[in-house]
Amino acid sequence: MKRIIWGITILLALLIVSTAIAAGMHSIHSRISNLLEQSAAAASQDDWQQADHLARQAKDQWQKYHNFTAAFADHSP
C-alpha cells in the first residue's frame, strides 16, 4: 500500500511541476511574441525607431529567460 501512495505522490508532483513549467514557458514566449508583433506593426507603418526599440525589448526578454527556456525546451529538429 505504501508503494501505491508513494507512486501517486510522485506522479502528482511531476504533474504539478510540469504544469508550472508549461505555464511559465507560455507566459514568457507570449510576451516576447507580442513585442515582436508590435515591432512588426511599427515597421509596417515606417516607425523604425519604435520598431527597433520593441525588437530590442524582445531580444532582452529572450536573453533574460534563455537559461530557463533552454533547460526545458525541445531542441531536436
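These figures come from a predicted structure and were not determined experimentally. (Residues numbered from 1 in each chain as written. Predicted model: local features only at pLDDT ≥ 70, side-chain atom pairs only at ≥ 80, totals over all residues. Heavy atoms only, no water.)

Visitor: Talk me through the nonpolar core; I want residue IDs and the actual numbers.
Guide: Nonpolar side chains in soluble globular proteins tend to be buried together. Counting five residues, the largest nonpolar core consists of Ile28, Ile32, Leu35, Leu54 and Ala58. Looking at this core, the elements with two or more residues in it are α1 (2-44) and α2 (48-64). Excluding residues that lie within four positions of it along the chain, leucine 35 makes contacts with Leu54, Gln57, Ala58 and Gln61. (Core = buried A, V, L, I, M, F, W, Y, C linked by side-chain atoms within 4.5 Å. Buried < 20%, exposed > 50% of the residue type's maximum accessible area, 1.4 Å probe, protein only. Helix = DSSP H or I, 4+ residues; strand = E, 2+ residues; numbered from the N terminus. Contact = heavy atoms within 4.5 Å.)

Visitor: Describe the environment of isoleucine 28, listing the residues and the values that go with them.
Guide: Tracing the backbone through its elements, the reader meets isoleucine 28 in helix α1. Separated by 40 residues in sequence, isoleucine 28 and phenylalanine 68 have C-alpha atoms that sit 9.9 Å apart. Aside from chain neighbours lying at most four places away, what touches isoleucine 28 is Tyr65, Phe68 and Thr69.

Visitor: Explain the side chain of threonine 69 to me, using residue names and the numbers behind them.
Guide: Turning to its location among the elements, threonine 69 is positioned in helix α3 (residues 66-72). Beyond its immediate chain neighbours, meaning those up to four positions away, threonine 69 contacts Met25, Ile28 and His29.

Visitor: Before we move on, could you go through α1 and cite the residues and values that matter?
Guide: When the terminal C-alpha atoms of α1 are compared, their 62 Å separation across 43 residues agrees well with the 63 Å that a helix rising 1.5 Å per residue should span. For α1, the elements touching its buried residues are α2 and α3. Looking at the residues trailing α1, positive phi occurs at aspartate 46, about 60°. (Expected span 1.5 Å × (residues − 1).)

Any functional reading would require information that these geometric values do not contain.
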